[in-house]
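Secondary and tertiary structure notes
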Amino acid sequence: MSLTGTPFFLTSVALLIVAVVLPLALWGRIAGPALVRGVARLLMLLFAQVTAITLVFVLVNNANNLYDTWGDLLGTDSHVAVAKDLGPDGMGGKQIKNEPKQLQRFRPGDDPRMGAGVQMTDLEGRISGVRGEVYVWLPPQYHDPAYKNTRFPVVELLPGYPGSSKAWFGSLHVAEQLRPLMQRGEVKPFILVAPRTNLLTGADTGCVNVPGKVNADSWLTVDVRKMVVDNFRVGDKPDSWALAGYSAGAHCATKLALAHPDRYRAAIAMSGYNDPALEPDSLAGKDPQLRIASNPIQILKSANAAGRPPRTALYVSGAAGDGYQAGIGLRQLAKLPTTVTVRQIAANAGGHTTAVWRQQVPEIFRWLGTQLKP
């Protein structure tokens, strides 16, 4: 039974009803010695507690898309086949232009809550050694004969931690919000790509490469990117690519865009942070060298000191103490062609929640429309 499916939700509701009715019906009818009666009543109370907690978890998980599968929740699924040392460029000495095409078979998305038009594939990362699902949504114009020769810009969508690759579609309703705006020409048509980011048990990868553990950076910026280029009408230059994330995904989006200006032109960061150690489960945050090297502030400082400020446009939003200061720090360091737009969210807007990020979807994609081109 699927963790996020309707059958499990209905089963949880049914069990809670049973757990409430059972003691009401049987409490005074239990026979036997006092110890037996006491144990039976205790078990009924425990059953009621467990079923109530289970239902609350299901509601929260379904609303926020935290865990996709039982394997994600229990840590029994492996998404890393191998994690070689791929070097500073994350390519392992290979050239992406020399790699053969990786044509994929797609099927409809496996969760109706993501809405219509979302398709998915299971990708084996040839460079990163990561394997996982990737969801893709095509804009209304993609199959329009008038656009048959058009290449579309792409936005990679990154959730928080823990987070499901379904989250932008399921919790933020990104496709549902953007479809009518694109049809009316209010937002530029983008292809939306949501790759798996939950790759290790009990750990946030921080979207970094850690030899022997995981090559999360190369998975997102090389393998997923190449797969999309090989299978869809998209631009393959940096000007056609962006990243967007919230919470831990915001940190990843900023870090990856600044570290790879040869792959991405822009990034959206909602309620993120610069120091990876602010996420207690972050692999990067626990390693002193990676903590510095993967901090967007340090990436920008190093690029500026080398006389090569990245041609990267950042849009950072957040409340005071929840992303806003991270954006201000980056804006203070930015030198052209790096640009940083910072938007402060009101402290009473709703906190660190999907409701706050969902409301920003039209705005951030209008901004991306000014930064990307096919």
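Residues numbered from 1 in each chain as written. Predicted model: local features only at pLDDT ≥ 70, side-chain atom pairs only at ≥ 80, totals over all residues. Heavy atoms only, no water.

Focus on the pattern of salt bridges
As a reminder, the rule being used: For this document, the term salt bridge refers to a Lys or Arg side-chain nitrogen within 4 Å of an Asp or Glu carboxyl oxygen. Secondary structure elements follow DSSP: runs of H or I no shorter than four residues count as helices, runs of E no shorter than two count as strands, and numbering proceeds from the N terminus. Three labels apply to residues, based on accessible area from a 1.4 Å probe with only protein chains included: buried if under 20% of the type maximum, exposed if over 50%, partly exposed otherwise in between.
As enumerated under the stated definition, the model contains 15 salt bridges in all. The shortest N-O distance in the salt bridge between Lys166 and Asp111 comes to 3.7 Å. In this pair, Lys166 is assigned in the loop between strand E4 (154–158) and helix H4 (167–170) and Asp111 in the loop between strand E1 (107–108) and strand E2 (118–124), connecting sequence segments 55 residues apart. With relative accessibility at 4%, the residue Lys166 sits in the buried group. Overall, Asp111 belongs to the buried group, its relative accessible area being 7%. For Arg196, the salt bridge identified is with Glu133, shortest N-O distance 2.8 Å. With Arg196 in the loop between strand E5 (191–195) and strand E6 (209–210) and Glu133 in strand E3 (residues 131–137), this pair connects stretches of sequence that are 63 residues apart. As far as the burial class goes, Arg196 and Glu133 line up, both buried. Each of Asp110, Asp111, Arg113 and Lys166 takes part in salt bridges that share partners, so that together they form one network.

Side note on the nonpolar core
Formally: Side-chain atoms within 4.5 Å are what join buried Ala, Val, Leu, Ile, Met, Phe, Trp, Tyr and Cys residues into a set we call a nonpolar core.
By size, the foremost hydrophobic cluster in this structure holds 49 residues, and its most contacted members are Val134, Ile191, Val193, Trp219, Val228 and Phe232. Among the nonpolar cores identified, the runner-up in size contains 38 residues, and Met114, Ala167, Leu172 and Val174 belong to it.

Overview of unusual backbone geometry
A cis geometry characterises the amide bond from Tyr161 onward to Pro162, with omega recorded as -15°. In this fold, Pro162 is placed in the loop between E4 and H4. Of the consecutive residues Leu336 and Pro337, the connecting peptide bond is found in the cis state with omega at 15°. Looking at where Pro337 falls in the secondary structure, it is placed in the loop between helix H11 (324–333) and strand E11 (339–344). Of note in the backbone geometry, Ser247 takes a positive phi value of approximately 55° without being a glycine. Tracing the chain through its elements places Ser247 in the loop between strand E8 (241–246) and helix H7 (248–259). Looking at Ser247, the relative accessible area reads 14%, which means it is buried. The backbone phi angle of Ser271 is positive, close to 55°, even though this residue is not glycine. Its location among the elements puts Ser271 in the loop between strand E9 (266–270) and helix H8 (283–286).

As for the side chain of Gln104
Selection criterion: Two N or O atoms count as a polar contact when they lie within 3.5 Å, although within protein this holds only if one can serve as hydrogen donor and the other as acceptor, and sequence-adjacent residues are included solely when both atoms are side-chain atoms. Residue contacts are defined here by distance: any two heavy atoms, one from each residue, within 4.5 Å place the two residues in contact.
Positionally, Gln104 belongs in the loop between helix H3 (70–74) and E1. Relative accessible area serves as the criterion here: at 18%, Gln104 is assigned to the buried category. In terms of polar contacts, Gln104 uses its side chain to reach the side chain of Thr121, at 2.9 Å. Discounting chain neighbours no more than four positions away, the residues touching Gln104 are Thr121, Asp122, Leu123, Met227 and Asn231.

Side note on the packing of aromatic side chains
Selection rule: Note on ring pairs: Phe, Tyr and Trp rings are taken, using the six-membered ring of Trp, and paired if centres are within 6.5 Å. Classes follow the plane angle, with under 30 degrees stacked, over 60 edge-to-face and the rest tilted. Over a ring means this: the NZ of a Lys or the CZ of an Arg is within 6 Å of the ring centre and within 35 degrees of the ring normal.
Summed over all chains, the structure comprises 9 aromatic pairs. Judged by centre distance (5.2 Å) and plane angle (70°), the ring pair of Phe106 and Phe232 falls under edge-to-face. Of this pair, Phe106 sits in the loop between H3 and E1 while Phe232 sits in the loop between helix H6 (216–231) and E8, and the two are 126 residues apart along the sequence. Residue Phe232 is classed as buried on the basis of its relative accessible area, which comes to 9%. Relative to Phe232, the ring of Tyr142 has its centre 6.4 Å away and its plane inclined at 70°; by these criteria the two rings are edge-to-face. Of the two residues, Tyr142 is situated in the loop between E3 and E4 and Phe232 in the loop between H6 and E8; the sequence distance between them amounts to 90 residues. Pair check on accessibility: Tyr142 and Phe232 agree, each one buried. Through successive ring pairs, a cluster of aromatic residues spans Phe106, Tyr142, Tyr147, Phe152 and Phe232. Of note, Arg233 hangs over the ring of Tyr142, and the distance from its end group to the ring centre comes to 4.2 Å.

A few points about a nonpolar patch on the surface
Formally: Patch membership is restricted to residues that have no salt bridge and whose relative accessible area is over 30%. Joining uses 9 Å for like charges and 5 Å for the nonpolar side chains Val, Leu, Ile, Met, Phe, Trp and Tyr. Note on areas: Shrake-Rupley, 1.4 Å probe, and residue coverage restricted to the protein chains presented here.
Among the surface-exposed residues, Leu35, Val39, Leu42, Leu43 and Leu46 lie close enough to one another that they form a single nonpolar patch of about 500 Å² accessible area. By secondary structure assignment, the location of Leu46 is in helix H2 (residues 34–64).

Quick look at the state of the cysteines
Spelled out, the test is: Whenever a pair of cysteine sulfur atoms sits within 2.5 Å, that pair is classed as a disulfide.
Under the definition given, this model contains 1 disulfide. Cys207 shares a disulfide with Cys252; S-S distance 2.1 Å. The sign of the S-S torsion, about 95°, decides the handedness of the disulfide formed by Cys207 and Cys252: right-handed. Here Cys252 lies in helix H7 and Cys207 lies in the loop between E5 and E6, a separation of 45 residues in the sequence. According to the relative accessible area criterion, Cys207 is buried, its value standing at 4%. The exposure class of Cys252 is buried, given its relative accessible area of 4%.

A closer look at the sheet that holds E2
Let me state the cut-off plainly: A strand pair is defined by DSSP finding two or more bridges across the two strands. Axis lines are fitted through C-alpha atoms, for helices just across the contact stretch, and the angle between N-to-C directions can take any value from 0 to 180 degrees.
The sheet built from 9 strands is open, its strands ordered E1-E2-E3-E5-E4-E8-E9-E10-E11 with mixed pairing. Only two strands of the sheet have a single neighbouring strand rather than two, namely E1 and E11. As paired strands, E1 and E2 are joined by 2 bridges and run antiparallel to one another. Its bridge partner lying in E2, Pro108 is registered against Gln119. Relative to E3, helix H5 (residues 174–183) is tilted by about 30°, and along the sheet it contacts E3, E4 and E5. Together, E4, E8, E9 and strand E10 (313–318) form the strand contacts of H7, whose direction differs from that of E8 by roughly 155°.

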